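Chain by chain, the residues:
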Amino acid sequence: MKRGHASALALVLLSLPVQVQAAEERVFDVPRGALSASLPQLSRQAGVSISVVDGRLWQAEVKPVKGRMSVEAAIRRMLAGTDARVVRVSATSWRIERRPPAARLVRRAPAPSNAPQLRAREPVHDLIAAEQDEIVVTASKTDLPYSRFAGVATRLDGDDLAFGGERGMDSILSRVATISSTHLGSGRNKLFIRGIADSSFTGPTQATVGQYLGDIRLTYNAPDPDLRLYDIDSVEVLEGPQGTLYGAGSLGGIIRSVPKAPDPRDMKLQAIAGISATQHGDPGGDIAAIVNLPVGDDGHALRLVGYMLTDGGYIDNPLLGQNDVNRVHVWGGRGGFRFEAGDNWTVDLGGVYQAITSDDAQYADKDAPPLTRQSLVEQNAKARYGLGTVVVQKDWDGLHFQTSNAFVSHRLFERFDAGKPGETPRILDQHNRTRMFVSETRLSRPFVDGFGWVIGTSFVDNSTRQQREFVISNFRAIVPGVTNEIREYTGYAEGSVELARGLMASAGARISHARLGGAAEGVPFAVALAGRATTAHRTETDLLPSASLLAIPLDNVRIYARYQEGFRPGGLAVDGNFVRRFRNDQVKTWEGGVRFGEKGRTPFDANISLSHTRWRDIQADFIDSNGFPTTANIGDGRITSISGALAFRPIPPLSFDLGAVYNHSRVDELSAQILPVFAASPGRLGRIPNVASHAVRGSVTYVAPVGSGAEVRVNGWANYVGPSRLGIGPVLGEGQGDYVDTGLAMRLGTEHRGLSVTLTNLFDARGNRFALGTPFVEGGAGYMTPLRPRTIRIAVDVSY
């Protein structure tokens, strides 16, 4: 098709009513049952999002839907005979709400003869939907309505995350006060939720936060891959522990990104391009494309995403005569193919690949001029992440079956300055290679008629190899490394039941059996032989129970209490020229909270929660006597956390959001193994590292129509991150945090094209996000990782 014709066609499509898209037909096969059981099936078969405004409607008995018809016709057929109606929200979103009562006939005085005569009432389809309707917590694995969920689940809209420019995990961090991160660099960071943090390094310990793409686990003991959030439907954050449903590595909670599914109804092309300029630094840019292609007439579809970004550097290195050395390059893509196999069977094939290259480290010297570092080494880093997935699911008789399988390859190369002042430059190169196969199979009954359950099994096979070497001039010397291997077999079950009207109870358990092994890397044969007993295979078995209660004493008021456990298996760590074991650690958390209002339905909603965690045998990293990071069980600790959030919408175009968290943590009982490390400075123990004692975030959003079919949207935010400590021990006891980050984003346009301007770090603040530069330089306690200086981005987006 010629370009002129394509443009004309796009303009015509803009003028068509949204019902044209809805008229495309699909084949449906949804049995009779409760709305809570039938609606998820219809939503999956239609490839659209359907929300429910009134939680009481979930119990309504709905009719079966079979045959070929439009999405609107299918929903209307399902709701026939009930007191519910359907409202179209957008091209791929619908809302079910209670039908308003019929107007009573009231006798009035006769209208003047010249007054217009009212016509008989006709069905209204293009109603304006609320910004957010009833949330279904899909991460609960039983499609539990948020109104029946005992806890706090944060749901971030994918379009909101991408608004103002795609920033990966930073987009999530700026919106959720309870999540924190190290700031070593993109693709190298560790994430923490609710004050449960272990260390600053990416060592052999498993992550404390579980990261998922849909139902696929992304990592085990590797850093956050920082996948870019293009074409994401939503991100769900569940505070932990989440051991019963998600197993090992969910001590702090989980972050679940849900990509937009392939849509068999229509073809779509979207493109985004932007340029940016950083004060005191180099310019940058980004470009991305999203394509959705229906395949055939049987419900198959293909969806592809590709992107490329570069962030300009802003750190100068006068010692090498270089400016703006820390440029970062990111490119990658994601693909998904949905195959409708018939009889309600669906097969989803997917793949992800992303490459991140950092030209140099992003830290600066504390005592040097701003944004300056003196180093004789270019400390570059490379991260390569690949993922292949197969997901098979089926709905029948009110049940949902799903098996999710994936293979992950994750490689990370890091270069550190390990030299001493006045001596020949010395480099430490570190290679981490992770290979993981993960599989989960589950059968669930979505919550309906006051009852829902899930039962499942999972298998994880993970191997991580860490190799290190010194480079001095042209000479290379192998430094001892380690390989950790684990095979984990688990079974779990959880059920939720409504004991009485307004009183919900849930309980579950997970049993995990892990086989651990590994080997020392780069050590003499005699040393390896002597350590055979240490590296020999061994097993661990853990039982993780959970229980919760939710009460609804008043409309829009919910009180809950829950108990959860979580764990991480043990492993092997390098200690000088030897390899030694560290044990598994475990957390037990008691939590209580209150939620007020319902987001999108009431002008005000809020929540506050209080949790107390006991952490046994904490796995953490510290600097050993040889100046290298190592891992050990440092002792026992406790964490008390208070968090809250508030949303207020005084008028439809204007909304305010506020969130805050307070963490009080202590390591209160040291293990005998590391007592000598702290003997010289026992006062440096204190708080658990890398988590601010307090943090506050706030934002304001304004949306208003402009002209015909266009709107202007403005979003401003400010985040305060309180003080924290870098790590455990005398070398890593440096302070960090205590800074404010700000931003402002604006977009003018329609659903299909727009112009946006984003300004970050409005006041050009420096701050200290992370006090680690390189751990291998003597006296290297004078480091800081500043905020990116004030940056402006201008972008355009178009879609057809």
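The text that follows walks through the structure, step by step, so that each part is easy to find.

Of the regular secondary structure elements, the protein chain holds 10 helices and 44 strands. Within the protein chain, counting contacts between residues at least 6 apart in sequence, those at least 24 apart form 66% of the total. Counting every atom, the protein chain has about 33,500 Å² of accessible surface; 59% of that belongs to carbon and sulfur.

The biggest cluster of nonpolar side chains holds 23 residues, and the ones touching the most others in it are Leu35, Leu42, Ile75 and Ile96. Secondary structure elements with two or more residues in this core: β1 (25-30), α3 (35-46), β3 (49-52), β5 (65-70), α4 (71-79), β6 (84-90) and β7 (93-98). Element by element, the count of residues in this core is highest for α4, at 5 residues. Setting aside residues up to four positions removed in sequence, Leu42 forms contacts with Phe28, Val30, Ile50, Val65, Ala74, Ile75 and Met78. Residues Leu213, Val352, Leu387 and Ala406 belong to the second largest nonpolar core, which totals 20 residues.

So, about the packing of aromatic side chains. Tallied over the full model, the rule gives 9 aromatic pairs. Look at Trp345 and Phe401: their rings are 6.1 Å apart centre to centre, the planes differ by 70°, and that puts the pair in the edge-to-face class. In this pair, Trp345 is assigned in strand β21 (residues 345-358) and Phe401 in strand β24 (residues 399-417), connecting sequence segments 56 residues apart. The class for Phe401 is partly exposed, based on a relative accessible area of 22%. Each ring, one from Phe459 and one from Tyr489, has its centre 5.1 Å from the other, and the planes form 40°; the classification is tilted.

Residue Pro241 is bonded to the preceding Gly240 through a cis peptide linkage, with omega at 0°. Mapped onto the fold, Pro241 is located in the loop between β15 (232-239) and α7 (243-246). The backbone phi angle of Leu371 is positive, close to 60°, even though this residue is not glycine. Residue placement: Leu371 occurs in the loop between β22 (364-365) and β23 (381-396).

Quick look at the side chain of Arg713 now. Its place among the elements puts Arg713 in strand β40 (residues 710-725). For Arg713, a relative accessible area of 18% puts it in the buried group. Here the side chain of Arg713 touches Asp160 through a polar contact of 2.5 Å, side chain to side chain. Each residue touching Arg713, except ones within four places of it in the same chain, is listed here: Asp160, Phe163, Thr701, Tyr702, Val703, Ala745, Met746 and Arg747.

With that settled, consider the pairing of strand β19 (residues 300-311). Looking at chain direction, strand β18 (residues 284-295) and β19 are connected through 11 bridges and run antiparallel. Residue pairing for β19: Val291 is matched across the bridge by Leu304. Hairpin remark: β18 followed by β19, antiparallel, with 4 residues in the connecting loop; positive phi at Gly296, about 75°. When β19 meets strand β20 (residues 328-342), the two strands line up antiparallel, connected through 11 bridges. In the strand pairing of β20, Gly306 is matched with Gly333.

What follows concerns the environment of Val235. Topologically, Val235 is positioned in strand β15. With 23 residues separating them along the chain, Val235 and Val258 place their C-alpha atoms 6.0 Å apart.

Within the structure shown, the criterion is met by 40 salt bridges. Its salt-bridge partner being Glu97, residue Arg85 comes within 2.6 Å of it at the nearest N-O pair. Here Arg85, found in strand β6, pairs with Glu97, found in strand β7; they are 12 residues apart in sequence, far enough to count as distant. Of the residues examined, Arg85 reaches a relative accessible area of 23% and is grouped as partly exposed. Linking Asp585 and Arg568 is a salt bridge whose minimum nitrogen-to-oxygen distance equals 2.7 Å. Taken together, the positions of Asp585 in strand β33 (residues 585-596) and Arg568 in strand β30 (residues 557-568) put the pair 17 residues apart, joining distant regions of the chain. Classification of Arg568 by relative accessible area gives buried; the value is 0%.

Another point: α4. Along α4, the residues that are buried comprise Val71, Glu72, Ala74, Ile75, Met78 and Leu79. Buried residues in α4, looked at end-on, bunch into an arc of 165°, giving them a common side. Downstream of α4 by a residue or two, Gly81 has a phi angle that is positive, lying close to 90°.

Moving on: α3. Between its first and last C-alpha, α3 extends 16 Å over 12 residues, near the 16 Å set by a 1.5 Å rise per residue. For α3, the tally of buried residues reaches 11 of 12 residues, placing the bulk of the element in the interior. Turning to α3, its buried residues number three or more, namely Leu35, Ser36, Ala37, Ser38, Leu39, Pro40, Gln41, Leu42, Ser43, Gln45 and Ala46. Positive phi appears at Gly47, one or two residues downstream of α3, with a value of about 70°.

Further remarks concern a nonpolar patch on the surface. Together, Phe596, Phe604, Ile608, Leu610, Ile642, Leu646, Phe648, Phe656, Leu658, Tyr662, Val696 and Val700 give the surface a local cluster of nonpolar side chains, amounting to about 990 Å² of exposed area. Take Leu646: it is sitting in strand β37 (residues 635-651). Given a relative accessible area of 33%, Leu646 falls into the partly exposed group.

So, on to the sheet that holds strand β13 (residues 209-213). With respect to topology, 5 strands assemble into an open sheet ordered β10-β15-β16-β13-β14, the strand pairing being mixed. The open sheet has two free edges, formed respectively by β10 (153-157) and β14 (216-217), since each of these has just one partner strand. Of the pairings in the sheet, the one linking β15 to strand β16 (residues 253-259) comprises 7 bridges and is antiparallel in character. Of the residues in β16, the one forming a bridge with Glu236 is Arg256.

Quick notes on the rules
- Residues numbered from 1 in each chain as written.
- Predicted model: local features only at pLDDT ≥ 70, side-chain atom pairs only at ≥ 80, totals over all residues.
- Heavy atoms only, no water.
- Helix = DSSP H or I, 4+ residues; strand = E, 2+ residues; numbered from the N terminus.
- Contact = heavy atoms within 4.5 Å.
- Areas by Shrake-Rupley, 256 points an atom, 1.4 Å probe, with all protein chains shown as cover.
- Core = buried A, V, L, I, M, F, W, Y, C linked by side-chain atoms within 4.5 Å.
- Buried < 20%, exposed > 50% of the residue type's maximum accessible area, 1.4 Å probe, protein only.
- Phe/Tyr/Trp six-rings, centres within 6.5 Å; stacked < 30°, edge-to-face > 60°.
- Polar contact = N/O pair within 3.5 Å; in protein donor to acceptor, adjacent residues only side chain to side chain.
- Pairing = 2+ DSSP bridges.
- Salt bridge = Lys/Arg side-chain N within 4 Å of Asp/Glu carboxyl O.
- Arc of directions from axis to C-beta.
- Expected span 1.5 Å × (residues − 1).
- Patch = residues over 30% accessible without salt bridge, like charges linked within 9 Å, V, L, I, M, F, W, Y side chains within 5 Å.

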